[in-house]
Amino acid sequence: MKQVLAVTWMNLRSLPSRYLTSLVVVVGIALVVGVLVALQSMGKGFEYTLKGTGSESRALMLSAGVTAELSSYIDPGMVALLRELPGIQRDAAGKPVASAELLVITELKRGGDDVNVALRGVEPAGLTMRPEVHLAEGRLFKPGLREVIAGRAATRQFSGVTLGATLEFRNSQWTVVGIFDSKGDAHESELWTDADTARSAFGRPGASAVLAQLDGSKPPADSLKALQDTVKADPRFQVDVLGERAYYNEQSQGVTDNIKFISAFITAIMAIGAVFGALNTMYSAVAARQIEIATLRAIGFSGLPVMISVLVESVSLALIGGLIGAGAAYLACDGLTTATLGANFTQVAFSFAVTPDLVERGLAWALAIGLLGGFFPALKAIWQPVAAALRGA
Amino acid sequence: MSAIVSLSNVVKSYTRGKQTVEVLHHLSIEIAQGDFVALMGPSGSGKTTLLNLIGGLDRPSSGEVKVAGERIDQLSSGQLAKWRARHVGFVFQFYNLMPMLSAERNVELPLLLTSLSSAQRKKNVQAALTVVGLAERAKHKPAELSGGQAQRVAIARALVADPTLLVCDEPTGDLDRSTADEILHLLQVLNKDHGKTIVMVTHDPKAAEYASHQLHLDKGQLVEGDVKAAA
């Protein structure tokens, strides 16, 4: 142990004299980890946004076989039947707490480009059963008027979406009368209006989906199962019943999987480059210290402490690079808001999230690169015959 | 006096590409305990190779190398490293001090391989630096020392663990005449007053005069010398 500490300490003390070559490892690994963490923080942020959307105590009913709300359509007769299903919460007046919602694509500008934005027609129950939705500014839309309330993220992401602004879609003018927050979930990227107004404006009498509050008689999972069983048992219902939260979780999967694949691919390529950089640096470090290492071995130090000292140097440089990369990714990306196409082909705004597990993953890559980059030079340091190494051969 | 170093019928050859070059040809010598031997000869004569065999830095291709009664030609690399730590102190032409360590930390290095306590190590380091006359430069780093002082620190490092043998490879090759004389005088004192057995490679006939005996090599063979050449 004394040997290991002494040789490692000597090695680290000699680092300043080799700072330029050492910088190659630090910078190379900082880039790898920075890119990895930045890319994955995008996936993580998107996942957080969609997974944070919805509630386990609400059920979403879509036409059978569709995977997204936008491609679902339920006609008015079916909507009426669905509202009356057992297991759906009733309000004080005995009316079912369900909202037949119409989701349509509208176009808004973002950075000069036309982008798809979701316009959701909601019924009054759709507002009361979503306690997470909170009108932050202005007022609620009035039924019959072409008025919308805009999600907070939509106001940040799309041009001209401000309180009092007039938006034009389908050749009609809509006024933004309010701004709402919904805890940063996917709805914040939407515009909301009255459901009947949307139906008449877009000529679609039915609904994209029916959102219903499950009654609290059983745990949410059991209530949902009972509702699913009821619908399945009745051939009139050509609908799928999903837990609202599960639906949004599922929606995030495709995009996050793609981001994960792309980030792993890019990181792997960069990591290969960084391993070669580390190998080159550590071979230079071993060559620069060849006489010192040979002298220690001549004195009687064994190969193990020498090998450990080279690995410690390589891993230390790698971890410094990893921390710099993760720190840079945090400073540059954490909280950065952007938008991408969700499964509904509408823009979903989300914030990059640099989380501790991403930093850990980045540092694990750094550690692996450091170990791999130091291993072969460490072997070289102890395999070279002492007499030859002393001659500087 | 009994032989502390004994080489019997030693051959050392190297392979360069497809060629095998024999550097030492069936060499047999003995060096007595307490002796101070200068190994001399032209470049390529095999003197450093011989020194490396005696110091356990290399192994012969064939033959027997015995130091302090132990056959070292058959030890593994790890065993040789442990053996060197116990028995050999090395002095190199370019001192080979660790530039980032102070003189006392350099001298302490061989003691890190022993079970001595920190206090005991410090005491031994101080004693070794006193022997070479550099106690007051203990805290200085190699870059702050002259060539002669650096070589003294290297000698202190070679001495500090009280080895059986001091092995010196051109110890004055990098020094001016007067500093070289000081270093050679120091080696002589270590030999005469402290009883250290010293084997020194040198090109310099004046340096060799400080030794008790000289041994001349040419083309891997002993050509003349007053050290006993074994039959």
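Since we're looking at a predicted model, the values are computed, not measured. Throughout, residues of each chain are indexed from 1 in the direction in which the sequence is written. Written order decides the labels, with chains lettered from A and ligands numbered from 1. Totals for whole chains, interfaces and linings use every residue, but because this is a predicted model, local features are given only for residues with pLDDT of at least 70 and side-chain atom pairs only at 80 or more, for both listing and counting.

Moving on, we get to the overall build of chain B. Each helix is a run of DSSP H or I of at least 4 residues and each strand a run of E of at least 2, with the numbering of both proceeding from the N terminus. Helices and strands together make up the secondary structure of chain B, namely seven helices and 10 strands. Buried, partly exposed and exposed are defined by the number of other C-beta atoms within 10 Å of a residue's own C-beta, namely 20 or more, between the two limits, and 12 or fewer respectively, with C-beta atoms placed from the backbone. Counting across all 231 residues of chain B, residues that qualify as buried make up 50%. Relative to all contacts within chain B whose residues are 6 or more apart in sequence, the contacts with residues 24 or more apart total 70%. C-beta atoms are first placed from the backbone for all residues, and any pair lying within 7 Å is then listed as a contact.

Right, let's get into the overall build of chain A. For chain A, the helix and strand inventory stands at 12 helices and 12 strands. If you take every contact in chain A between residues at least 6 apart in sequence, the share linking residues at least 24 apart comes to 84%.

Facing 17 residues of chain A, the contacting portion of chain B comprises 17 residues. Secondary structure elements with two or more residues in the side of chain A that touches chain B: α1 (2–13), α9 (290–299) and α12 (386–390) of chain A. Tallying contributions element by element places α9 of chain A first for the side of chain A that touches chain B, with six residues. Under the grouping applied here, Gly and all other residues not named as nonpolar or charged are polar, the nonpolar ones being Ala, Val, Leu, Ile, Met, Phe, Trp, Tyr, Cys and Pro and the charged ones Asp, Glu, Lys and Arg. Each residue belonging to the side of chain A that touches chain B can be placed in one class, and the counts come to eight nonpolar, five polar and four charged.

Time to look at the sheet that holds strand β5 (residues 70–71) of chain B. All names here are of chain B. Here the rule is simple: two strands pair whenever DSSP picks up at least two bridges between them. The strand order across the open sheet formed by four strands is β2-β1-β4-β5, and the pairing between neighbours is antiparallel. One side of each edge strand has no neighbouring strand; the edge strands of this open sheet are β2 (19–32) and β5. When strand β1 (residues 3–16) meets β2, the two strands line up antiparallel, connected through 10 bridges. Residue pairing across strands places Val 5 opposite Ile 31, the latter belonging to β2. Orientation is described by axes fitted as lines to C-alpha atoms, over the contacting stretch for helices, and by angles from 0 to 180 degrees between their N-to-C directions. Docked against the sheet, helix α1 (residues 47–54) engages β1, β2 and β4 (62–67), running at close to 125 degrees with respect to β1.

Residue and element names in this part refer to chain B. Tracing the chain through its elements places His 87 in helix α2 (residues 77–87). Judged by local crowding, His 87 falls into the buried class, with 20 C-beta atoms found within 10 Å. A C-alpha to C-alpha distance of 8.7 Å links His 87 and Val 67, two positions 20 residues apart in sequence. What His 87 contacts, discounting residues up to four positions off in sequence, is Val 67, Ala 68, Pro 163, Thr 164 and Leu 165.

Moving on, we come to helix α7 (residues 220–233) of chain A. Residue and element names in this part refer to chain A. Helix length check: α7 (14 residues) gives 20 Å between terminal C-alpha atoms against 20 Å at 1.5 Å per residue, within 8%. Within α7 the residues assigned to the buried category are Ser 223, Leu 224, Leu 227 and Val 231. The buried residues of α7 occupy one face: seen down the axis, they fall within an arc of 100 degrees. Facing away from the buried surface of α7 by more than 90 degrees, the exposed residues are Asp 222, Asp 229, Lys 232 and Ala 233. Buried residues in α7 make contact with β1 (58–63) and β10 (239–243). Between the first and last residue of a helix there are one fewer steps than residues, each counted as 1.5 Å, and that sum is the expected span. Arc definition: directions from the helix axis to the C-beta atoms.

A few words now on the pairing of β1 of chain B. Residue and element names in this part refer to chain B. Between β1 and β2, which pair antiparallel and follow one another directly, the connecting turn spans two residues, one of which, Gly 17, has a positive phi of 65 degrees. As judged from the five bridges shared by β1 and β4, these two strands associate in the antiparallel manner. The partner of Ser 6 across the bridge, within β4, is Lys 66.

Before going further, it helps to examine the environment of Phe 94 of chain B. With respect to the secondary-structure elements, Phe 94 of chain B resides in the loop between β6 (88–91) and α3 (103–108). Residue Phe 94 of chain B is classed as partly exposed on the basis of its 17 C-beta neighbours within 10 Å.

Quick look at the packing of helix α2 (residues 19–51) of chain A against helix α8 (residues 244–288) of chain A now. Residues and elements named next belong to chain A. Running from N to C, α2 and α8 cross one another at 175 degrees; their axes reach a closest spacing of 8 Å. Judged on the interaxial angle alone, α8 and α2 are roughly antiparallel. For the contact of α2 with α8, the per-class residue count stands at 21 nonpolar, 15 polar and three charged. Here the angle decides the label: under 35 degrees means roughly parallel, over 145 means roughly antiparallel, 65 to 115 means roughly perpendicular, and every other value means oblique.

Let us look at unusual backbone geometry. Residues apart from glycine generally show negative phi values, whereas peptide bonds are mostly found in trans. All names here are of chain B. The phi torsion at Asn 96 lies on the positive side, around 50 degrees, for a residue other than glycine. By the element assignment, Asn 96 lies in the loop between β6 and α3. Within the chain, Asp 162 stands out as a residue other than glycine whose phi angle is a positive 55 degrees. Take Asp 162: it is sitting in the loop between α5 (147–159) and β7 (165–169). You can call Asp 162 partly exposed: it has 13 C-beta atoms within 10 Å.

Of the residues making up α2 of chain B, those classed as buried are Leu 80, Ala 81, Arg 84, Ala 85 and His 87 of chain B. Tucked inside the fold, the buried residues of α2 of chain B contact α9 of chain A together with β4, β6 and β7 of chain B.

Before going further, it helps to examine the confidence of the model for chain B. Values of pLDDT, which run from 0 to 100, indicate the predictor's confidence residue by residue. With 96% of its residues at a pLDDT of 70 or more, chain B shows a mean pLDDT of 91. Mean pLDDT in chain B bottoms out at strand β10 (residues 221–225) of chain B, which sits at 78, and peaks at strand β8 (residues 197–201) of chain B, which reaches 96.

All right, on to the pairing of β6 of chain B then. All names here are of chain B. Side chains Val 88 and Phe 90 of β6 all project onto a buried face; the interleaved residues Gly 89 and Val 91 project onto the opposite face, where all are buried too. Bridge analysis of β6 against β7 gives four bridges, and the strand direction is parallel. Bridge pairing in β7 links Phe 90 to Val 167.

Before going further, it helps to spend a moment on the environment of Val 255 of chain A. All names here are of chain A. Take Val 255: it is sitting in helix α8. Given 20 C-beta atoms within 10 Å, Val 255 falls into the buried group. Here the alpha-carbon distance between Val 255 and Glu 47, two residues 208 residues apart in the chain, equals 8.4 Å.

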